[in-house]
Amino acid sequence: MPQEKVSLTAILGPTNTGKTHLAVERMCAHSSGMIGFPLRLLAREIYDRVVAIKGVNQVALITGEERIEPPHARWYCCTVESMPVQKDFAFVAIDEGQLGADPERGHIFTDRILHARGREETMILGSESLRPLIRTLLAEAEIISRPRFSVLSYAGTKKLSRLPKRSAIVAFSIEQVYAVAETLRRMRGGAAVVMGALSPRTRNAQVAMFQSGEVDYLVATDAIGMGLNLDVSHVAFASLSKFDGTRRRRLTVAEMAQIAGRAGRHQRDGSFGTLAGEGSEFSPEEVLAIENHEFPRLDWLYWRDAEPRLDSVATLIADLESRPDRPGLMPAPRAIDLSVLKRLSEMPDVQALIRHPVDVARLWEVASLPDFRQMGEEHHSRFVGSLWHYLGQGDRVLPQSLFAGELARLDNIQGDVDTLSARIAGVRTWTYIAHRIDWLADPAVMAERARALETKLSDALHDALRQRFVDRRTAMLLRKTVGDSALFPVEIDGANRVLVDGEDIGTLQGFSFRVDPSAKAGDRKLLLAAAERHLTGLLRQKARDVAMAEDSDFALASDGDGKPAILWKGEPLGLLTKGRSLMQPVFTPVKAVAGLEGDALREIAVRAESWIETQLAKAMGGIVGLQQLSQQADVDGNVRALAVQLAEAGGIAGRHYLADAIAALPKDARGAARKGGIVFGALDIYHHAALKPAAAKWRAALFAARDGRSMPQLPPESAVHLKEWKFAHPGEARNAGYRRVGDEYVRIDLAERVIKKAHEARGQVNSFSMDMAFATSLGLSDAGLKALMRDAGFRYMEAPAEKAETQEELDATAVQCPVSGNDQDGLVIHDQTESEGATPDNNPVDAMQAVPLAQPVHLTHWRWVGLPKPRPQEQRTQRARPVRPKPKDTANSKANPERVPPKAKDASPPSALALQLAALKGLKF
């Protein structure tokens, strides 16, 4: 029977020609077969495909870090370096044959092209640039050209934000890959990341995200140019240069075409271009060559002796550095394995273990260990030397404890992307070692442990990549256009979190949307836009709720900046700002409310203004009464003028401020003023309703709105005396209903009551004594009392010499006397008639008055000097009075001789009882 002719075919053409698919079909058609791929990722992809056809027990996968070889496997998927060329296969194929021109790995591809053969059929797959060398090196080969299925066209330069969906961005450094992926996460919700250093499991998980549409962008190194089958429509180059291990150089046209060719699939067209702002652009000649698939032909392939002599290390090195004797071949540049071998040959402890060609072969195996960790020639040589210490002597295997200890050190899933990637690179080194069956005593067990650890770290790396470079929330929001926004459910949970299609985008407080605090700064704009798009209906309904709300749902309070704000259910609707008058503030919606559309904004504004008007009428009845008084035609004009000035002052004003109006007021007109609610005090003039707590709160808000100030904090409603309180300026104290006395504050109506009692005790004389138990009950200190009396025109005097019973006798007698009924009167201020409603709310003083027995009398002594006459209006200034040192009380008579009271005439001293009764009843002696 004639022997079947051996077929040698070179399938050449650009990418997207189905060359790999054809090779897989041909291999499966034979009884056995093997394909060598440039990348372990691609080998794994094809392995999964063949397993689906032939079954898991019939297919083997062999790479540097992974070895799946069932006992009866007939179809092998391998990396080019790991091809078991000693085995016999019916079909053999070498993918990406043009990589024979690669300075680092080219000599391995060249060797496989020259020597790897199937007994029935051999295929060499590559680009058209390989054609002349196939003619030179393999004259008997049949060359078949495969045209591209679809059109590849140049799309120019595009910004990253303008890239179409299903785009792949190719970068040539890890830093650039990360930078692009980070930007896409912010702009487009994320990207999948594919790099040659990733484990197959991580790479497959990342590609699955892209293929399933979870993300629309892929960021990769030039690894995708080596046959990875991806659903890519556009390839964008982040750079057109790369570091090739020796220098940074511009990509060749063939390399550009290899990568750009990933765009488009089968008969679907693709495009390529560059990223704007990266400083890289294709030349017209490069664009033309890529589009027409016309590349410079290769002049040579790199070659190195695949079967060097092993007589000695020197002979081995000489053969590895020998030159080829065939045209079309060039000596391979010095690779990392040869560099490591030379360094090891110079180490005395290494040389001491080399005694036989078997040792030379063993040393060459160890020196060929790939530098997965990218440690560099020197560090990698030291690591290999440490392994040779075990592999070159004794049992010639690595101790299991060493292997297990290294895996234990790497068994840690904590850390960022770079940390996990470094650990996986370390595991890849030990996985490669475990697949050398004569380097370990129990390689199968160690290989399984290494594979399990790589799987564990790969899953952690995938999660880290996903967490760092993918934002599902952003991606989901970006995929929802304005037209379909109503199709996606929007809800607010009990914690006011806004969920769009189940994704938490932030919280809604009132009408204000607040971005999720966990969102990065670059995502805020996107989430705000998403909220604006999806929350329109909910906000419109909230506006209707405000319009129909009860008065109890609203409140007046200060916002975060201290400005007077109107709240609805605790959330701000707007601010009070300056209007035409104090009682006519303007409601200014906050930004979130102001952004609502027409009817919704109008409903909120009308309801808020209505509530403000109602509250002013209720709380500011004093000012409303003054305004009504100023408009009564039957009232004296001077009374109406006084009412206008007092209303403009908020219902409370110092007497000096209204001095001109009071001076012009006829005595017979004061009754009408009092009937209108005006209280004439010795120091302050006010409407009786202006001291209520609600009035004080609204008055503070109205003045803050008018003056553009922050709304002050008000004292507790029940406070009559403030010891530690500080107001920013006297106006704040007056608006709150308090008068400053020294370093203290006392409520205005109670200060007037103290002054009234002093005038009642004085009668018609200038010097007098009185019991200040009422002032003391308010909490006034001696200094505060003296300051109040000084403001009212009184000066403190030292007690005169005793001429009668002792103070102890006075106190003992006073305990037996009831409190005078005059001291139990309501809050009646000097120059005020008693009328219903003239007493402020929440007065604790009356309770303090209701004691069954009089307390011991402590008389204080005062001298009336009178209030200064008010200056004409034109002479009044706002300048602060200079601070003068207070004269000591003991020196008062010397410092002010003109004010020394006249010497009292000699008279018989009154009895102690008479003194007490006189003090309690306000009688003089």
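Basis of the calculations
- Residues numbered from 1 in each chain as written.
- Predicted model: local features only at pLDDT ≥ 70, side-chain atom pairs only at ≥ 80, totals over all residues.
- Heavy atoms only, no water.
- Helix = DSSP H or I, 4+ residues; strand = E, 2+ residues; numbered from the N terminus.
- Buried < 20%, exposed > 50% of the residue type's maximum accessible area, 1.4 Å probe, protein only.
- Contact = heavy atoms within 4.5 Å.
- Areas by Shrake-Rupley, 256 points an atom, 1.4 Å probe, with all protein chains shown as cover.
- Pairing = 2+ DSSP bridges.
- Axes fitted to C-alpha atoms, helices over the stretch in contact; angles between N-to-C directions.
- Phe/Tyr/Trp six-rings, centres within 6.5 Å; stacked < 30°, edge-to-face > 60°.
- Lys NZ or Arg CZ within 6 Å of the ring centre and 35° of its normal.
- Salt bridge = Lys/Arg side-chain N within 4 Å of Asp/Glu carboxyl O.
- Arc of directions from axis to C-beta.
- Parallel < 35°, antiparallel > 145°, perpendicular 65-115°, else oblique.
- Left-handed = near helix turned anticlockwise from the far one by under 90°.
- Nonpolar A, V, L, I, M, F, W, Y, C, P; charged D, E, K, R; others polar.
- Polar contact = N/O pair within 3.5 Å; in protein donor to acceptor, adjacent residues only side chain to side chain.
- Core = buried A, V, L, I, M, F, W, Y, C linked by side-chain atoms within 4.5 Å.

**A word on the overall build of the chain**
When you go through the chain residue by residue, the secondary structure sums to 34 helices and 35 strands. Relative to its 925 residues, the chain shows a buried fraction of 49%. Taking all contacts inside the chain whose residues are at least 6 apart in sequence as the whole, residues at least 24 apart take part in 70%. Looking at the chain as shown, the accessible area adds up to about 45000 Å², and 51% of this sits on carbon and sulfur atoms.

**Some details on the sheet that holds strand β10 (residues 167-170)**
Pairing is parallel across the open sheet formed by six strands, whose spatial order is β9-β16-β13-β10-β12-β11. Each end of this open sheet is capped by a strand with a single partner; those strands are β9 (152-158) and β11 (192-194). Across the sheet, the mean angle separating the axes of adjacent strands is 25° when strand polarity is ignored. Pairing of β9 with strand β16 (residues 270-275), which is carried by six bridges, proceeds in the parallel orientation. Residue pairing in the sheet places Ser153 in a bridge with Ser271 of β16. In this fold helix α5 (residues 174-188) packs onto β10, β11 and β12 (217-220), with an angle of close to 165° to the strand it touches most, β12.

**Let's talk about the packing of aromatic side chains**
Scanning the entire structure with this criterion turns up 17 aromatic pairs. Where Trp725 meets Phe727, the ring centres are 6.3 Å apart and the plane angle is 50°; that geometry is what we call tilted. Classification of Trp725 as partly exposed rests on a relative accessible area of 21%. Residue class for Phe727 comes out buried when judged on its relative accessible area of 10%. Members of the aromatic cluster, connected to one another through ring pairs, are Tyr154, Phe237, Phe272 and Phe282. Above the face of the Phe774 ring, Lys757 is positioned so that its terminal group lies 5.7 Å from the ring centre. Lying over the aromatic face of Tyr796, Lys786 brings its terminal NZ or CZ to 4.4 Å of the ring centre.

**Some words on the pattern of salt bridges**
Enumeration over the complete set of coordinates arrives at 40 salt bridges. A salt bridge links Arg250 to Glu286; its shortest N-O distance comes to 2.9 Å. With Arg250 in strand β15 (residues 248-250) and Glu286 in helix α8 (residues 284-292), this residue pair connects regions lying 36 residues apart in the sequence. When its relative accessible area of 40% is taken as the criterion, Arg250 is described as partly exposed.

**So, the environment of Tyr657**
Within the secondary structure, Tyr657 sits in the loop between β27 (652-654) and α24 (659-663). You can call Tyr657 partly exposed: its relative accessible area is 46%. As for Tyr657 and Leu646, which are separated by 11 residues in sequence, their C-alpha atoms are 9.5 Å apart.

**Focus on helix α22 (residues 621-629)**
Within α22 the residues assigned to the buried category are Gly622, Ile623, Gly625, Leu626 and Leu629. Take α22 and look down its axis: the buried residues cluster within an arc of 160°, on one side only. Contact partners of the buried residues in α22: α23 (637-648), α25 (670-675), β28 (678-680) and β29 (684-687).

**A look at the side chain of His759**
Along the chain, His759 falls in helix α28 (residues 748-762). Beyond its immediate chain neighbours, meaning those up to four positions away, His759 contacts Phe794 and Trp864.

**Comments concerning the packing of helix α9 (residues 313-320) against helix α10 (residues 336-345)**
Where α9 contacts α10, the axes come no closer than 11 Å and their chain directions differ by 155°. Comparing the axis directions of α9 and α10 gives the class roughly antiparallel. Relative to α10, α9 is oriented so that their crossing is left-handed. Between α9, through Val313, Leu316, Ile317 and Leu320, and α10, the contact on the second element is made entirely by Leu338, Leu341, Lys342 and Ser345. Within the contact of α9 with α10, the residues separate by chemical class into six nonpolar, one polar and one charged.

**Some points on the side chain of Arg304**
With respect to the helices and strands, the residue Arg304 is situated in the loop between β17 (301-303) and α9. Within the structure, Arg304 has its side chain in polar contact with the side chain of His107 (distance 3.2 Å). Within the local environment of Arg304, its side chain forms a polar contact with the side chain of Asp337, the two groups lying 2.9 Å apart.

**Re the packing of α10 against helix α13 (residues 377-391)**
Two elements in contact, α10 and α13, have axes whose closest approach is 9 Å; the angle formed by their N-to-C orientations is 60°. Between α10 and α13 lies a crossing whose hand is right-handed. Residues Ile336, Ser339, Val340, Arg343 and Leu344 of α10 lie in contact with α13, whose contacting residues are Glu377, Glu378, His380, Ser381, Val384 and Gly385. Considering only residue class, the contact of α10 with α13 consists of four nonpolar, four polar and three charged.

**Notes on the pairing of strand β7 (residues 121-126)**
The buried count for β7 comes to six of six residues, which makes it a mostly enclosed element. Every second residue of β7 is oriented toward a common face, with Glu121, Met123 and Leu125 on one face and Thr122, Ile124 and Gly126 on the other, all of them buried. Pairing geometry for strand β1 (residues 7-12) and β7, over six bridges, is parallel. Residue pairing in the sheet places Ile11 in a bridge with Leu125 of β7.

**Quick look at the nonpolar core**
One finds Ile169, Leu184, Leu341, Leu387, Phe403, Trp430 and Ile433 to be the most contacted residues of the largest nonpolar core, which totals 64 residues. Ignoring sequence-local partners within four residues, the contact set of Ile169 consists of Leu160, Leu163, Val180, Leu184, Tyr217, Leu218, Val219, Ala220, Ala236, Ala238 and Leu275. Counting residues in hydrophobic clusters, the runner-up holds 57 residues, among them Met583, Ala605, Leu626 and Leu665.

**Structural notes on the pairing of β1**
Of all the six residues making up β1, five are buried; the element is thus mostly covered by neighbouring parts of the structure. Pairing between β1 and strand β8 (residues 142-145): four bridges, direction parallel. Each residue of the ladder has a partner; that of Thr9, found in β8, is Glu142.

**Points about the sheet that holds β27**
Reading across the sheet, the three strands line up as β27-β29-β28 and stay open at both edges, with antiparallel pairing between neighbours. Across the chains shown, the open sheet's two edge strands, defined by having one partner strand only, are β27 and β28. Each strand axis lies, on average, 15° off the axis of its neighbour in the sheet, ignoring direction. With three bridges connecting them, β28 and β29 associate as antiparallel partners. Bridging from a neighbouring strand, Ile678 pairs with His687 of β29.

**Focus on helix α3 (residues 106-115)**
In terms of residue burial, α3 counts as a mostly covered element, since nine of its 10 residues are buried. The complete set of buried residues in α3 reads Gly106, His107, Ile108, Phe109, Thr110, Asp111, Arg112, Ile113 and Leu114. In this structure, the buried residues of α3 make contact with β6 (91-94), β7, α4 (131-137), β17 and β18 (329-331).

**Points about the environment of Pro564**
Assignment of secondary structure puts Pro564 in strand β24 (residues 564-568). When the C-alpha atoms of Pro564 and Met711 are compared, they prove to be 5.8 Å apart, with 147 residues separating the residues in sequence. Those residues in contact with Pro564 that lie beyond four places of it in its chain are Ala557, Gly574, Leu575, Leu576, Ala701, Ala704, Ala705, Arg709 and Met711.

**Examining unusual backbone geometry**
Positive phi, close to 55°, is recorded for His293, a residue that is not glycine. Along the chain, His293 falls in the loop between α8 and β17. At Arg396, a residue that is not glycine, the phi angle is positive and equals roughly 60°. Secondary-structure assignment places Arg396 in the loop between α13 and α14 (400-410). In this structure Arg396 comes out as partly exposed when scored by relative accessible area, which is 22%.

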